[in-house]
Amino acid sequence: MTTYECKVFTEEQGALVEKSWGAMKKNAAELGLKFFLKIFEIAPSAQKLFSFLRDSNVPLEQNPKLKPHAMSVFVMTCESAIQLRKAGKVTVRESSLKKLGAVHFKYGVVDEHFEVTKFALLEIIKEAVPEMWSAEMKNAWGEAYDRLVAAIKTEMKACSQAS
C-alpha cells in the first residue's frame, strides 16, 4: 500500500462520507454511469481520453464498456474517501495508484479534467442523496476527492520524470 499524508479529515467529514456512501453503494453501477455521463455533458472532448469510446458509434449510455468502467472508477473514488478517515491518509493499493498515475499521464489528463470530474462527482452525490446533502457534505467529499487527485498527480509526476 502507498499512503499519502494529508491535512486532517475530520471525524465529522468521515461520518458524512460514510453515511452518504452507505446510501449510494447499492446503486453504484447506475451512479457511476451518471457520473461519467455528467463529465461528458460538461466536457464532451473528454470522451477522446477513453479508447473504448473513440471509435464507438453507439450512444454513450449503451456502450458496453462504459458502465463497468464508470462503476469501477466511482466505487474506487468513494472507497478511497472512506479509507481517508479510517487510515488518516489516502490509501490505495500501490499497483493501482501507480497504474492510475501512468494511465492519466499517458492520456494527457490535466488539472481541468480533474476539476470537471470533481464537479460531476459532487453533482451526482447531491442528486443521489438530496435529503443528506449539505455544505458540510460537499466539503467532505470535495476534500476526499482532492486528496485522491493529489496522490494520482504524485504518480503522474513520477511518470513524467521517468520518461
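Residues numbered from 1 in each chain as written. Predicted model: local features only at pLDDT ≥ 70, side-chain atom pairs only at ≥ 80, totals over all residues. Heavy atoms only, no water.

A.B. asks: How would you sum up the environment of Lys 26? Please name residues and give values.
C.D. replies: Relative to the elements of secondary structure, Lys 26 occurs in the loop between α1 (11-24) and α2 (28-42). Given the relative accessible area of 69%, Lys 26 is considered exposed. Of the polar contacts made by the side chain of Lys 26, one reaches the backbone oxygen of Ala 23; its length is 2.9 Å. (Helix = DSSP H or I, 4+ residues; strand = E, 2+ residues; numbered from the N terminus. Buried < 20%, exposed > 50% of the residue type's maximum accessible area, 1.4 Å probe, protein only. Polar contact = N/O pair within 3.5 Å; in protein donor to acceptor, adjacent residues only side chain to side chain.)

A.B. asks: Provide a residue-level description of the packing of aromatic side chains, including the pertinent values.
C.D. replies: Going through the model one piece at a time under the given rule, you end up with 7 aromatic pairs. For the ring pair Phe 50 and Phe 52, a centre distance of 5.9 Å and an interplane angle of 55° mean the geometry is tilted. The class for Phe 50 is buried, based on a relative accessible area of 18%. Ring pairing ties together the aromatic residues Trp 21, Phe 35, Phe 36, Phe 40, Phe 50, Phe 52 and Phe 74, which thus form one cluster. (Phe/Tyr/Trp six-rings, centres within 6.5 Å; stacked < 30°, edge-to-face > 60°.)

A.B. asks: Break down the nonpolar core for me, with residues and values.
C.D. replies: Ranked by size, the top nonpolar core spans 47 residues in total, and within it Trp 21, Met 24, Phe 35, Phe 40, Phe 74 and Trp 141 carry the most contacts. Sorting the residues of this core by element identifies α1, α2, α4 (66-87), α6 (111-128) and α7 (135-162) as the ones contributing at least two each. Those residues in contact with Phe 74 that lie beyond four places of it in its chain are Trp 21, Met 24, Ala 28, Leu 31, Gly 32, Phe 35, Leu 121 and Ile 124. (Core = buried A, V, L, I, M, F, W, Y, C linked by side-chain atoms within 4.5 Å. Contact = heavy atoms within 4.5 Å.)

A.B. asks: Can you tell me about the packing of α4 against α7, naming the residues and giving the values?
C.D. replies: With their axes 9 Å apart at the nearest point, α4 and α7 run at an angle of 100° to one another. Our classification of the angle between α4 and α7 gives roughly perpendicular. Judged by residue contacts, Met 76, Thr 77, Cys 78, Ser 80, Ala 81 and Leu 84 of α4 engage Trp 141, Ala 144, Tyr 145, Arg 147 and Leu 148 from α7. In terms of residue class, the contact of α4 with α7 is made up of 8 nonpolar, 2 polar and 1 charged. (Axes fitted to C-alpha atoms, helices over the stretch in contact; angles between N-to-C directions. Parallel < 35°, antiparallel > 145°, perpendicular 65-115°, else oblique. Nonpolar A, V, L, I, M, F, W, Y, C, P; charged D, E, K, R; others polar.)

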